[in-house]
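One letter stands for each residue in the lines below.
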Amino acid sequence: MSLVITPDELIKTLGKLFCQGFYTLVDEKNNIATLIECCDVKGAMEWDIANRKRSGGVLRSIRTDGNMLVMDADLGEGEVNFGPAAKGIGASALKAVKIEGDLVKTTWVGLAGASVGVGVCLAQGPGVIKAEYPEGFKVGGANRVLVNIYTPKMVRVVYAADDTDTKEKGASWVLMLKMARSAPYGKFLEHKITQLNPKVPEKTTNCAAVGVSFAVREDEVEKLTEYVVNYLRENTYSDDTTLAVYQGLKIPQELSDYGLRAKKEILTVDDAKKAAADGGAKIIKITGENGTIGAVAAIGCFDMGLMAADILDE
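Reading guide: rules and limits
Positions within a chain are numbered from 1, following the residues in the order the chain's sequence is written. Only residues with pLDDT of 70 or above have their local features reported here, since the model is predicted, and side-chain atom pairs are shown and tallied only from 80 upward, although totals for entire chains, interfaces and linings are computed over all residues. As a rule here, side-chain values cover all heavy atoms of the structure and leave hydrogens and water aside. By definition, any uninterrupted DSSP run of H or I lasting at least four residues is a helix, any uninterrupted run of E lasting at least two residues is a strand, and each is numbered from the N terminus. Only the C-alpha atoms count toward the radius of gyration. The rule for a globule is 2.2 Å times the residue count to the power 0.38. Buried means the residue's accessible area, taken with a 1.4 Å probe over protein chains only, is under 20% of the maximum for its type, while exposed means over 50%, and partly exposed covers the values in between. Whether two residues are in contact is decided by their heavy atoms, any of which lying within 4.5 Å being enough. All tallies of charge rest on Lys and Arg as positive and Asp and Glu as negative; His and the ends of each chain are not included. A single reference atom marks each charge: NZ on Lys, CZ on Arg, CG on Asp, CD on Glu. Nonpolar cores were defined as sets of buried Ala, Val, Leu, Ile, Met, Phe, Trp, Tyr and Cys residues, with membership established by side-chain atoms within 4.5 Å. Only the stretch in contact is used when fitting a helix axis, every axis being a line fitted to C-alpha atoms; angles between N-to-C directions are given from 0 to 180 degrees. By definition, any crossing whose near helix is turned counterclockwise from its far helix by less than a right angle is left-handed, and any crossing with a clockwise turn is right-handed. Gly is put with the polar residues, along with every residue not named as nonpolar or charged; the nonpolar set is Ala, Val, Leu, Ile, Met, Phe, Trp, Tyr, Cys and Pro, and the charged set is Asp, Glu, Lys and Arg. Between any two strands, pairing holds if DSSP finds at least two bridges. Of the two site types, the cavity is a set of points on a 1 Å grid over the protein atoms alone where a 1.4 Å probe fits but cannot get out, and the pocket is an open set with protein on both sides within 12 Å along at least five of seven lines, each lined by residues with an atom within 4 Å of a point. Grid points are joined across faces, edges and corners, and a volume is the space filled by probe spheres set on the points.

Trainee: In this structure, what is going on with the overall build of the protein? I would like to understand it.
Mentor: The helix and strand inventory of the protein stands at nine helices and 14 strands. In terms of C-alpha radius of gyration, the protein reaches 21 Å, essentially the compact-globule figure of 20 Å for 314 residues. The principal-axis extents of the C-alpha atoms in the protein amount to approximately 65 × 40 × 30 Å. Here the protein holds 314 residues, and the buried ones make up 51% of them. If you take every contact in the protein between residues at least 6 apart in sequence, the share linking residues at least 24 apart comes to 69%. Each charge class in the protein was averaged separately, 37 positive and 42 negative side chains, and the resulting centres sit 4 Å apart.

Right under this line is the structure:
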């Protein structure tokens, strides 16, 4: 027998804890998932990172990004090294990530304080639909809990734009951030600025393109894209604005290679269109085509961290 509890019921019976949100993004083409846990307690996130790394399961990597704990995982189920914290053993583990229709079921095990972390805190976070426990489960003390947490199946969509400003007015990073924060669909995740080749003669000043990412349900991707397009058309200052769109958790090599080239070379719109076609990115003309070069580059560099923002040697 199992016991199914909603987040509201958990809060009512066990109290409100610290999770600010839990979102599951899947990429079935590459058989991978990214789990995002938002938390306002840094120490708890650091402890979870150390323990979940040692625990194995389906976890590929885990890191903090601001107030987010970001976990990359395989779809499926894996063996865990679970038990009281020790070298090679963790007290908090991600055992499985499985897709069930339009839901994602993640399976967690937690011991002692970690039983509260996954069994109550994570399970009551915004974004969670329900949690499933064994009958008579207990948390805290020396108790162990196994919990299945159900969340909507979401995908990652990256939107990148260039040439939204002029030498006289505007700032692309501001425009894209305002757009992302005002979007009525999905969960805004990240905002990235990509430094392009500063020797490009057509640049405004700093020659940067901007990308933002969302976690969004598949049935809302089209609505979100329509919102982004309309927002840019209404608020851009330039006649050369272009939007590039990519859906997936893994940026294809063709796009990454192009992005690095755009940071060191002077490329053409045709170069950008070819890279987009080869890498599966969609190009949408907002007011013109010149922004295609930077928009596609910002997709390619989106997951490169500080390298995206830096100037590279030729």
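Trainee: What exactly am I supposed to notice about the nonpolar core here?
Mentor: The tendency in soluble globular proteins is for nonpolar side chains to be buried as a group. Counting residues in hydrophobic clusters, the biggest one holds 31 residues, and the most contacted among them are Leu-35, Leu-94, Val-97, Trp-108, Tyr-133 and Ile-149. Those residues in contact with Tyr-133, other than ones at most four positions away along the chain, are Ser-2, Leu-3, Ile-5, Leu-10, Gly-119, Ala-123, Val-145, Leu-146 and Val-147.

Trainee: What should I look at first to understand the packing of helix H7 (residues 269-279) against helix H8 (residues 292-300) in this one?
Mentor: How two helices sit against one another is set out by the angle between their axes and by the gap between those axes. One can describe the packing of H7 onto H8 by two numbers: an axis separation of 8 Å at closest approach and a directional angle of 35°. Judged by the sense of rotation from one axis to the other, the crossing of H7 with H8 is left-handed. Two secondary-structure elements touch here, H7 through Val-269, Ala-272, Lys-273, Ala-275 and Ala-276 and H8 through Thr-292, Ile-293 and Val-296. Across the contact of H7 with H8, the residue classes break down as six nonpolar, one polar and one charged.

Trainee: I would appreciate a short explanation of the pairing of strand S12 (residues 208-217) in the present structure.
Mentor: For a regular strand, side chains alternate in direction, first toward one face of the sheet and then toward the other. With eight of its 10 residues buried, S12 lies for the most part within the structure. Both strand S10 (residues 144-162) and S12 contribute to a ladder of eight bridges, which runs antiparallel. Across the sheet, the residue bridging to Tyr-159 is Val-212, located in S12.

Trainee: Looking at this model, I keep getting lost on the layout of surface pockets. Mind explaining?
Mentor: Any space left empty among the atoms is revealed by the rolling of a water-sized probe across them. In this model, the largest pocket occupies a volume close to 540 Å³. Lining the largest pocket are 30 residues, and of these Asp-162, Leu-196, Lys-203, Cys-207 and Ala-208 lie nearest its centre. Those elements that place two or more of their residues in the lining of the largest pocket are helix H4 (172-182), strand S11 (187-195), S12 and H8. Across the lining of the largest pocket, the residue classes tally to 13 nonpolar, 10 polar and seven charged. Taken as a whole, the second largest pocket spans an internal volume of roughly 440 Å³. Lining the second largest pocket we find 23 residues, and of these Thr-34, Arg-63, Asp-72, Arg-156 and Leu-249 sit closest to its centre. Only strand S3 (32-39), strand S4 (59-65), strand S5 (68-74) and S11 provide two or more residues apiece to the lining of the second largest pocket. Residues of the lining of the second largest pocket, tallied by class, amount to 10 nonpolar, four polar and nine charged.

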